[in-house]
Amino acid sequence: MAKTREPTVIKKYANRRLYNTGTSTYVTLEDLAVMVKNEEDFVVFDAKSGEDITRSVLTQIIFEQESKGQNLLPIAFLRQLIRFYGDSLQNLVPSYLEFSMSSLTREQDKLREKLSQTFGATAFDAMEEQVKRNSEMFERAMRMFLPFGAGAQEGDKPAQAAKSEAGADDLSDLKKQLADMQKKLDALAGDKS
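The rules behind each value
Residues numbered from 1 in each chain as written. Predicted model: local features only at pLDDT ≥ 70, side-chain atom pairs only at ≥ 80, totals over all residues. Heavy atoms only, no water. Helix = DSSP H or I, 4+ residues; strand = E, 2+ residues; numbered from the N terminus. Contact = heavy atoms within 4.5 Å. Areas by Shrake-Rupley, 256 points an atom, 1.4 Å probe, with all protein chains shown as cover. Core = buried A, V, L, I, M, F, W, Y, C linked by side-chain atoms within 4.5 Å. Buried < 20%, exposed > 50% of the residue type's maximum accessible area, 1.4 Å probe, protein only.

By the naming in an unreviewed UniProt entry, the chain is Polyhydroxyalkanoate synthesis repressor PhaR, taken from Stappia albiluteola.

Chemist: Run through the overall build of the chain, naming residues and quoting values.
Modeler: The number of helices and strands found in the chain is five helices and four strands. Residue pairs in contact within the chain that sit at least 24 positions apart in sequence constitute 39% of those at least 6 positions apart. Just so you have it, the chain exposes about 16000 Å², and 58% of that area is on carbon and sulfur atoms.

Chemist: Which residues make up the nonpolar core, and what values do they have?
Modeler: By size, the foremost hydrophobic cluster in this structure holds 12 residues: Ile10, Leu18, Val27, Leu29, Leu32, Ala33, Met35, Phe42, Val44, Ile53, Val57 and Ile61. Counting residues per element, the ones that place at least two in this core are α1 (29–37), β4 (42–46) and α2 (54–67). Per-element tally for this core: the top contributor is α1, with four residues. Each residue touching Met35, except ones within four places of it in the same chain, is listed here: Thr8, Asn20, Glu40 and Phe42.

Chemist: Describe the side chain of Glu66, with residues and values.
Modeler: With respect to the helices, strands and loops of the structure, Glu66 is situated in helix α2. Apart from the residues within four sequence positions on either side, Glu66 is in contact with Asn71, Leu72 and Leu73.

This is the structure we're talking about:
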């Protein structure tokens, strides 16, 4: 649905069904959550009384998301929010929260970029490189169990000899690594005694 200047009118009927007057279809709370994420503005009216119930429907969407395990609101925040009801500061809370969320939204892209620079690119590159090295080592270890290579032709003796030599080099590398690891384990075991 294209974004318009006027909010879409959603009517809520007594049977709890929500009707989108813009698309002439019934919608669910999940559909409304998608509309919110897509920045499509809407208002919800009680079909019988005409009362604006947008706030309670949005709260219901939050409740649904939280009950699915997508916990966004910390317990301490929820408790503090409840404490503000009836408090002298109650009138300041909505404007403060709205300002805070607007600021977070404006800074969201900058925050994502910084997090990506700090943690993402380097960590992902290092992890990818480690996976490549592990795969190569696994392939070399598997080749040691196939003395003449799995894909080699019977008459391809020079290639088989080269693979055997490469396998011997790999085997000596693995033996050296195993010996180094054994020394480290022995040193660790000696430290604990």
